[in-house]
Structure formats: C-alpha cells, structure tokens
Amino acid sequence: MNGTYAIEGTALTRPYGGFFAVNKVDIAVPHGEIRGLIGPNGAGKSTLIDVLSGRAAVWSGQVRMDGRDIGAMSVQERRRHGMARSFQKTNIFPELSVREQLDLAARQAEKPNVEEVMDELGLSGLADAKARDIAYGEQRRLDLALALIGRPRVLLLDEPAAGLSMRESLNLATLLRDLAQRWRVTVLIVEHDMEVVFSICDRITVLQLGRILAEGTPDEIRRSADVVTAYLGSAA
Ligand SMILES: Nc1ncnc2c1ncn2[C@@H]1O[C@H](COP(=O)(O)OP(=O)(O)OP(=O)(O)O)[C@@H](O)[C@H]1O
C-alpha cells in the first residue's frame, strides 16, 4: 500500500442547483490517521462525506480507497469494501433493542462482531433495551456502534458528538481515538465541537464554501489567521 491513501478524493465536485456544495476538493487521508473536517455551516462537509461514501453521486472527480477507484461502487459495495459512515442525526430504529439493531447491521457483514462492538462501546448492559428507552448519549454510541460492525477500515463520521454534553463528547472522543488506534481504522470526522477535534485529530482540513481553505496539524490550524477569521473566531 506504499504511496496510497486509505481514502482519497481528487477534484471532487458536487453541485446542487446552481451552486457547488463541493468544488474541486482534493483530500487524502493516510492509513491510521484521524482527520478532522471542519468549517462553517453550509461549507460542504456533509456533502463531501456523502460523495466519499457514495450516498451522493460525484459530478466529477475520483474517489479511491487504498489506491483503488471506488467511484462506481454503491454504498453497500463500499461498506463491504471496508468503508462505514455515521449520520448527523441518529440513524436508529426506536422500537428495536440495541442488540437487534446491531444484529441487523451485522447480517451483511463478513465479521459480525456484535458482542465485541457492544463491549467496546459500553452497550453490553443495554443489549435488550429498546433504543427509544436509552439515553441520548447512549443512542449516539449506538450510532457509532452500527458503523463499527464488520470492523471497517475507513470510518466517515458526521458529527458523532452532536447534542452531547462536554463531558460526554470528550468521553466519546477518547473512546474513538483508542478504538481507531487498536483497530487501525482511518477516520474522517466532521465535528463542530472544537475540543473534540483538537483533542483527537492528527490533521484537520478546513472547508469553506465548498473549497479547501486550509489543512494542517491542530496547532497549525489553530494558528492560521485565515481559519480564525473564517471559522474559529474565539472558539480555539
Ligand atoms: N440534498 C441537497 N439538496 C440541495 N442542496 C443541498 C443538499 N445537500 C446539501 N445542500 C446544500 O449544500 C451546501 C452544503 O451543505 P452541507 O450540508 O454539505 O454543509 P455542512 O458543511 O455539512 O453544513 P452543516 O455544518 O450545517 O452541517 C448547503 O448550502 C446545503 O444547503
């Protein structure tokens, strides 16, 4: 895999109506890296995740995993190929138990690691509880658990900490960092919580109006005048 990236997008472009939600974006995440994707509302972060995951068709550009062009693969094929994603809003069935939802996700997985995932995410004690009856923070962990079924090699996360308290967010971030290292998962994470982003990401890409504004280590991003003006303000 020398010289290849776990996930790579080249000149990705996706218009909606008369404007480009993602405009000639190049992004390349090396194996094992946790990459943050930040930027103002409407910058194109979710659209970029949609395009990489196959949920939205690309208008032009290429998507590669481990150097292989996966642009023609469906969402399901990408999943079987080792790519998983989570969504901004929780994506769970309220009437199913925690274990039932994970079993459902595991039906198509080559490695149906339901017990392992419940254990890793602290959900084992809630296995038989209906999703609607567990706390919101637990529902978000279930969202992450669903994405981790099958031990994906590339994980695309869209605001996994949205709606969590500061403590819950940091707990989730630590859990994610630890798991990503042990399982050697490459992670691209969209997140508005800068505490989370700066604490777990190796590098950060900043999007603005569908284009890349900056990319660098957390320290470089924190110091970038352009990024501070466009997005961070006093948040960093
Ligand atoms: N399905 C769609 N149809 C039409 N426009 C869309 C669609 N999805 C996204 N857009 C538009 O594309 C632009 C980028 O949206 P996107 O959700 O990717 O931004 P974002 O950076 O994820 O924003 P946020 O931080 O608010 O989630 C926005 O102007 C949005 O309204």
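From a predicted model like this one, the values you see are computed outputs, not experimental measurements.

### Observations concerning unusual backbone geometry
- Positive phi outside glycine occurs at Lys24, with the angle close to 55°.
- Look at Lys24 and you get exposed, because its relative accessible area is 56%.
- Its identity is not glycine, yet Arg151 carries a phi of approximately 50°, on the positive side.
- Among the structural elements, Arg151 can be located in the loop between α5 (136-148) and β7 (154-158).
- Judged by relative accessible area, which is 32%, Arg151 ranks as partly exposed.

### Quick notes on the sheet that holds β7
- Strand order in the open sheet formed by six strands is β6-β7-β8-β3-β9-β10, and the pairing between neighbours is mixed. What marks the edges here is a single partner per strand, and that holds for β6 (83-85) and β10 (211-216). Going across the sheet, the axis of each strand differs from the next one's by a mean of 15°, ignoring polarity.
- Bridge analysis of β7 against strand β8 (residues 186-190) gives five bridges, and the strand direction is parallel. Within β8, the residue paired with Leu157 across the bridge is Ile189.

### Some remarks on helix α6 (residues 166-183)
- Over its 18 residues, α6 runs 26 Å from end to end, which matches the ideal 26 Å to within 8%, given 1.5 Å per residue.
- Burial in α6 covers these residues: Ser169, Leu172, Ala173, Leu176, Arg177, Leu179, Ala180 and Trp183.
- In this fold, the buried residues of α6 make contact with β3 (34-38), α4 (114-120), α5, β7, β8 and α7 (194-200).
- One or two positions beyond α6, positive phi appears at Arg184, with a value near 55°.

### Some thoughts on the pairing of β7
- Buried residues dominate β7, accounting for five of its five residues.
- Here β7 shows two buried faces, one formed by Val154, Leu156 and Asp158 and the other by Leu155 and Leu157.
- Read as a crossover between parallel neighbours, the route from β7 over α6 to β8 is right-handed.

The rules behind these values
- Residues numbered from 1 in each chain as written.
- Predicted model: local features only at pLDDT ≥ 70, side-chain atom pairs only at ≥ 80, totals over all residues.
- Heavy atoms only, no water.
- Buried < 20%, exposed > 50% of the residue type's maximum accessible area, 1.4 Å probe, protein only.
- Helix = DSSP H or I, 4+ residues; strand = E, 2+ residues; numbered from the N terminus.
- Pairing = 2+ DSSP bridges.
- Axes fitted to C-alpha atoms, helices over the stretch in contact; angles between N-to-C directions.
- Expected span 1.5 Å × (residues − 1).
- Contact = heavy atoms within 4.5 Å.
- Right-handed = clockwise from strand over helix to strand, strands pointing away.

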